[in-house]
Amino acid sequence: MLEFPKSDRTVRVRMVDTTTLMTVWSQVLIQPVQPGHEILNLTDVAFLIENEASGQQVMFDLGSRKDYWNLPAVVRQHFDESMASVRVDKDVTEVLSESGISLSDIGSVVWSHYHWDHIGNMALFPSSTSLVIGPGFKEQPGLLPGYPDAINSPVPKDAFSGREVIEPDFANGLTIGGFRAHDFFGDGSFYLLDTPGHCVGHLCGLARTTEDTFLLLGGDICHFAGVVRPNTSLPFPAQIPTEALDKDPVFPIPCPCSLFTSCHPIATVDQDKTPFYQVSSYEATAFTDPELSQRSVNKLLEFENSPDVLICIAHDCDLPQYLPTLNESPSSDLNAWKENGWKEKLRWGWVNELPRAGRPGRKPLVEGYWRDGKVWAEAIETLHRR
Ligand SMILES: [Zn+2]
Ligand SMILES: [Zn+2]
């Protein structure tokens, strides 16, 4: 049984659509890959956290930098292996400014982890904004001082230049749901969770939205909602509610008995209660330690099973589709998620991504490499040589 520390302090949470669209080879992120689901659609959200008592503001993740072709060389080399298409229209700093948020008011940026699609362009923030990274980051060989001084570092040096870089203490004995926890503001309103496996220093955020409800900001603990659904608390219903399904004239509405019972890729028993996918342990996996990652996901299931927690993994395409974003509605926050029934609303949207009778589910969100709002014609040939 999941138990949370008590507090009456909350944070206001607003979601930022980082305007990043990607299609990624599924084998990098999930298993077993299903025929017709070889490519995974990914959007990318970040979160603006505001301590309601003190007014302190923090960003949890930043999405991708708009000029992704300027990423460190080692990251660009990986594009070929992992990514089919990418488009980034805005830096998160633009979205914040357009929404009336001053960058100098952002006291800290927390990176769920150091991958390029979460760290944005830190150099655009003033030096007064500190950077918070997860346990083990500073000691990990090859990361600091950053590219190009560390020529194989996936993180640019200018992310750290002139600013405080903080690795919080997780050794004080506090745990939540089996994860080591750090009380970020010291008042119980926002915790960082040590969620290992994807890469060194991976963090989730646990934001208290009312006295007894929480948003779990998942980063890349997993990349697809079908890695935590269905589950013992939320089994597949006999019929997926039609309002959760795309109205697609080409493909028939998927039938749960064919999609999820006879064709469940993992389970032979309790198929309606077993998550559809696991994290990838293929050779091409993006998880540094797939076994440890799956153990973290298994702990995450306890949070998913709780009616008091809504899980928001960074790349869940349903989040920007169904929930208010800072981009569209700067004054709307996510705090009343339970009252609004958003956990139920988001529950089955991911089935639209699944293949139907061996044919792809949803179409790719983006095709080609984009730059300045259009396909960058020379991208595929030259991106990796720059
Ligand atoms: Zn990642
Ligand atoms: Zn990611």
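Calculation rules
- Residues numbered from 1 in each chain as written.
- Chains lettered and ligands numbered in written order.
- Predicted model: local features only at pLDDT ≥ 70, side-chain atom pairs only at ≥ 80, totals over all residues.
- Heavy atoms only, no water.
- Donors = N, O, S within 2.8 Å, 3.2 Å for Na, K, Ca; no water.
- Tetrahedral: all angles 85-135°; square planar, octahedral: opposite > 155°, others 65-115°.
- Pairing = 2+ DSSP bridges.
- Helix = DSSP H or I, 4+ residues; strand = E, 2+ residues; numbered from the N terminus.
- Axes fitted to C-alpha atoms, helices over the stretch in contact; angles between N-to-C directions.
- Contact = heavy atoms within 4.5 Å.

Draft legend 1. Broad picture of the coordination of the zinc ion (ligand 1). Taken together, His 113 (NE2), His 115 (ND1), His 198 (NE2) and Asp 220 (OD) make up the protein donors of the zinc ion (ligand 1), found 2.1 to 2.2 Å from the metal. Of note is the zinc ion (ligand 1), whose four donor atoms meet at the metal with angles of 90 to 169° in an arrangement that counts as irregular. Look at where the donors of the zinc ion (ligand 1) fall in the sequence and you get H-x1-H-x82-H-x21-D. Between the zinc ion (ligand 1) and the zinc ion (ligand 2), both coordinated by Asp 220, there is a metal-metal distance of 3.6 Å.

Draft legend 2. Broad picture of the sheet that holds strand β12 (residues 179-183). Here we have six strands laid out as an open sheet, ordered β11-β12-β13-β14-β15-β17, and mixed in their pairing. In this open sheet, the two strands that pair with only one neighbour each are β11 (175-176) and β17 (309-313). Pairing geometry for strand β14 (residues 203-210) and strand β15 (residues 213-219), over five bridges, is antiparallel. The residue of β15 that forms the bridge with Ala 207 is Leu 215.

Draft legend 3. View of the coordination of the zinc ion (ligand 2). Here the zinc ion (ligand 2) is held by Asp 117 (OD), His 118 (NE2), Asp 220 (OD), Asp 220 (OD) and His 315 (NE2), and the distances to it run 2.1 to 2.8 Å. Here the donor residues of the zinc ion (ligand 2) share one chain and are spaced in sequence as D-H-x101-D-x94-H.

Draft legend 4. Main features of the sheet that holds strand β4 (residues 39-42). Read across the sheet, three strands follow the order β4-β2-β7 without closing on themselves; strand pairing throughout is antiparallel. Each edge of the open sheet is held by one strand with a lone partner, namely β4 and β7 (83-88). This sheet shows a mean twist of 10° between the axes of neighbouring strands, independent of strand direction. Pairing analysis gives four bridges linking strand β2 (residues 20-25) to β4, with the strands arranged antiparallel. Looking at the pairing, Met 22 lines up with Leu 42 of β4. Along the sheet, helix α1 (residues 73-82) contacts β2 and β7; its crossing angle with β7, the most-contacted strand, is approximately 125°.

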